[in-house]
Structures are given as structure tokens and as C-alpha cells.
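Observations on the model geometry
Listed here are the chains, written in short residue letters.
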Amino acid sequence: MHELSVTENILDISLRYARENNAKKIIDIYLVIGDLSTIVDDSVQFYWNIISDNTIAKDACLHFKRIPAKLRCQECTTEYLLSESEFSCPHCNSHNVQIIAGDEFYLEAIDIDH
Amino acid sequence: MEKRVTIVENILNANDRLAAENQSQLDKANVFSLNIMASPGAGKTSLIEHTIKLLSPEIRIAVIDGDIDTSLDADRAAAAGAIAVQVNTGGDCHLDAVMIQNALQKIPLNEVDLLIVENVGNLVCPASFKLGTHKNVLIASIPEGDDKPYKYPGMYRGIQALVLNKIDLLPYTTFDMPYFYKGVEILNPGLITFPLSCRTKEGLDQWVNWIKTQILK
């Protein structure tokens, strides 16, 4: 539901780094989004097409690297996905587990023409 | 010529920076602050009303009320004895640091000990936007069901206290307490939890005592 403000932030950060690097055009944007962050890729792309118009980021391609939410069992070190087993370890059924991936929410890099 | 520019910057960095400014403003005025999040109907406004009644006038309270439209919730907080500021998000699904910054200007912070922010009723979006409050609190409630930690892990990850409201309704539901707590413990180990009922007032003392100790810290 808040993809517009997220998309505006992506545009702001991209343009700032593009300026600092004397870019003529932004070609690609690489985003890293963990599955625990609630963002819908298609919505971001939809807003992107509207708000990047008239900027050097127009027509830039958004790449979403999705990181699955992952758990590690502290008892038997099994690693598994959050969606697999209502959180308990699928190997030893322990609840003593830790989330090791899925919180990511950052802009990793841009490709520019300069 | 094409070139890769490495960035690695949090997408909501601008909001996070503003949130940090809000927090330092609150710290300077010696105000402790809570961001109350929950689904619609979990009891945010009721818990805030009870909290105001139990703590004031010894503790001076201000409430920032986030709502899509009306001022119903702010009116209830004001009636209970707090300074109340309404923030209508105009359809937005969450409060963000800018809205809080604007609302803070309407509050005489030097006359306040506790700021309670009532976020928009939603278990998804508010979790992503820091406000600058000292503690994020989620109110879950028995009728919502025991599976909510599993369905909204992002929300349960980002809180520092959990209220489980409407425990008086436990006998009438199939709510499985160990199952609920298992999900909570995995997502947020050691999270402090307050099972209570705003209707019977059971458990409210522990909740307000926790707030008092936080204010004194």
C-alpha cells in the first residue's frame, strides 16, 4: 500500500548518486528486498514509470533481487525457509531458531551512462 | 560509457533520518514515547484511554492519532485527559516520520512526560516506517486468532513490547496460546508481553507499571 513513497525514495537515492557521478542517464537499478519487507514489485514498477518521467532515470530497468526469509536452527544448525514449517525446525522440531535473512531493504547499485 | 555505481543505502533512509531527528527532539524535552500499532479493532484507542485514565494527571500525556479521516479517536483521547493531535493521513496506510514531525510542533513538549502515537490500523505498512518513538508496541487481540505472528512476521519483528488484548474472550475461542507464543518467540526472542483485557481491566496494572518504569529510565 505504501509503494508510492517507497518508489519516490528509490528515485531520490538513484538521482543523487547519478548526479554525484555525472551520469547522463540511469540505465539499471538494483534493489535488494527481503521477503519480510512488504513491497509489491509490480506496484513499484507501475509508480516508477510515472514518477521517473522527465528525469534521467526515465526508462531505467528496475531489478528486484528477492531474498527469501530464512531461519537457522540453533540446536541442529539446519537452515530452512520461513514458509516451510510454521517456523519450527523441520529436522528436529526445535523452536530455538533464529532469522538469518529476509529483512533486507536497500538499493544496491545503479548502472549509469556518463 | 556505462559504469556501475555501488550504493547500498536503505530505501527508507530519508524517513529513518527524520525519525532520528524526532527522537532527539523528544529526548531533549525528556518525553518518553510509544508507537502503538495494531489491526483495526484490536483495541488501540481503548488501551490508550485506559492508560491515560490510570496515569494522569501525575504523568502528563499527549496523543498523536493517525487516522484515514475522522477525529473520533483523538476526541476520545482528549476526553480522557490528554493533549490530543489528530493526523489525517488522507488515505495513507501508515504514519511516517514527517507526519510526526509536523504533529510535534502542535504539542508543548516541555509540558509532557509521555507521548503516545496511535498508528493507522494495519498490520503491514506501519512496521516499515520508523517514527522516532522510543518503543514500538503491537496490540494483538484474542478474536484475531493465534496465527497472526506467522502471517505478519514483519510486524512482530519490529516491536519492543506486545500487548495481547481481550483475554477475557479466551474461553469462547480456539485461540492456542502456546502456538501464538511460539511464533512470537521465534520472530522476537525475549519480547516483553502484556496479556490484558481493557473490558475487565485485568492486566492493565502491569502495562502501566511498565510505562512508568520506562519514563523513569
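Residues numbered from 1 in each chain as written. Chains lettered and ligands numbered in written order. Predicted model: local features only at pLDDT ≥ 70, side-chain atom pairs only at ≥ 80, totals over all residues.

**Structural notes on the nonpolar core**
Ranked by size, the top nonpolar core spans 90 residues in total, and within it B:Val63 and B:Leu138 carry the most contacts. Ignoring any residue separated from it by four or fewer positions in sequence, one finds B:Val63 in contact with B:Ile48, B:Ala74, B:Ala77, B:Ala82, B:Ala84, B:Ile116 and B:Glu118. (Core = buried A, V, L, I, M, F, W, Y, C linked by C-beta atoms within 7 Å. Buried ≥ 20, exposed ≤ 12 C-beta atoms within 10 Å, placed from the backbone. Contact = placed C-beta atoms within 7 Å.)

**Here's the deal with the sheet that holds strand S2 (residues 61-67) of chain A**
Here we have 4 strands laid out as an open sheet, ordered S2(A)-S1(A)-S6(A)-S1(B), and mixed in their pairing. Two strands lie at the open edges of the sheet, namely S2 of chain A together with strand S1 (2-10) of chain B, each paired on one side alone. Ignoring which end each strand starts from, the neighbouring axes of this sheet average 15° apart. Pairing of strand S6 (residues 105-113) of chain A with S1(B), which is carried by 7 bridges, proceeds in the antiparallel orientation. Across the sheet, A:Tyr106 pairs through a bridge with B:Asn10, a residue of S1(B). Strands in contact with helix H1 (residues 3-20) of chain A are strand S1 (25-34) and S6 of chain A together with S1 of chain B; relative to S6(A), the strand with the most contacts, it is inclined by about 45°. (Pairing = 2+ DSSP bridges. Helix = DSSP H or I, 4+ residues; strand = E, 2+ residues; numbered from the N terminus. Axes fitted to C-alpha atoms, helices over the stretch in contact; angles between N-to-C directions.)

**Some thoughts on the confidence of the model for chain B**
Here chain B averages 93 in pLDDT, and 100% of its residues register 70 or above. Here the complex is predicted with pTM 0.90, and the ipTM for its interfaces comes to 0.86. (pLDDT = per-residue confidence, 0-100.)

**Observations regarding helix H2 (residues 44-55) of chain B**
For H2(B), spanning 12 residues, the distance from its first C-alpha to its last is 16 Å, which sits close to the expected 16 Å at 1.5 Å a residue. Taken together, the buried positions of H2(B) are B:Lys44, B:Thr45, B:Leu47, B:Ile48, B:Glu49, B:Thr51, B:Ile52 and B:Leu55. (Expected span 1.5 Å × (residues − 1).)

**Describing the pairing of strand S7 (residues 161-165) of chain B**
All names here are of chain B. Burial analysis of S7 places 5 of its 5 residues in the buried class, which makes it a mostly covered element. Burial of S7 is two-sided: the residues Ala161, Val163 and Asn165 facing one way and the residues Leu162 and Leu164 facing the other way are all buried. In terms of strand pairing, strand S6 (residues 135-141) meets S7 through 5 bridges, oriented parallel. Looking across to S7, one finds that Ile139 is bridged to Val163. This β-α-β element, S7 to helix H7 (residues 177-187) to strand S8 (residues 192-195), shows right-handed connectivity. (Right-handed = clockwise from strand over helix to strand, strands pointing away.)

**Quick look at the packing of H2(B) against helix H8 (residues 204-216) of chain B**
Residue and element names in this part refer to chain B. Two elements in contact, H2 and H8, have axes separated by 10 Å at closest approach and are oriented at 70°. Our classification of the angle between H2 and H8 gives roughly perpendicular. The hand of the H2/H8 crossing is right-handed. Two secondary-structure elements touch here, H2 through His50, Thr51, Leu54 and Leu55 and H8 through Leu204, Val208 and Ile211. For the contact of H2 with H8, the per-class residue count stands at 5 nonpolar, 2 polar and no charged. (Parallel < 35°, antiparallel > 145°, perpendicular 65-115°, else oblique. Left-handed = near helix turned anticlockwise from the far one by under 90°. Nonpolar A, V, L, I, M, F, W, Y, C, P; charged D, E, K, R; others polar.)

**A few points about helix H1 (residues 13-28) of chain B**
Residue and element names in this part refer to chain B. For H1, built from 16 residues, the straight-helix expectation of 22 Å at 1.5 Å per residue is met to within 8% by its first-to-last C-alpha distance of 23 Å. Taken together, the buried positions of H1 are occupied by Asn15, Ala19, Asn22 and Leu26. Taken end-on, H1 shows its buried residues confined to a sector of 60°, consistent with a single buried face. Exposed residues lying more than 90 degrees from the buried face of H1 are Ser24 and Lys28. In this structure, the buried residues of H1 make contact with strand S2 (32-38), helix H4 (97-104) and strand S5 (114-118). (Arc of directions from axis to C-beta.)

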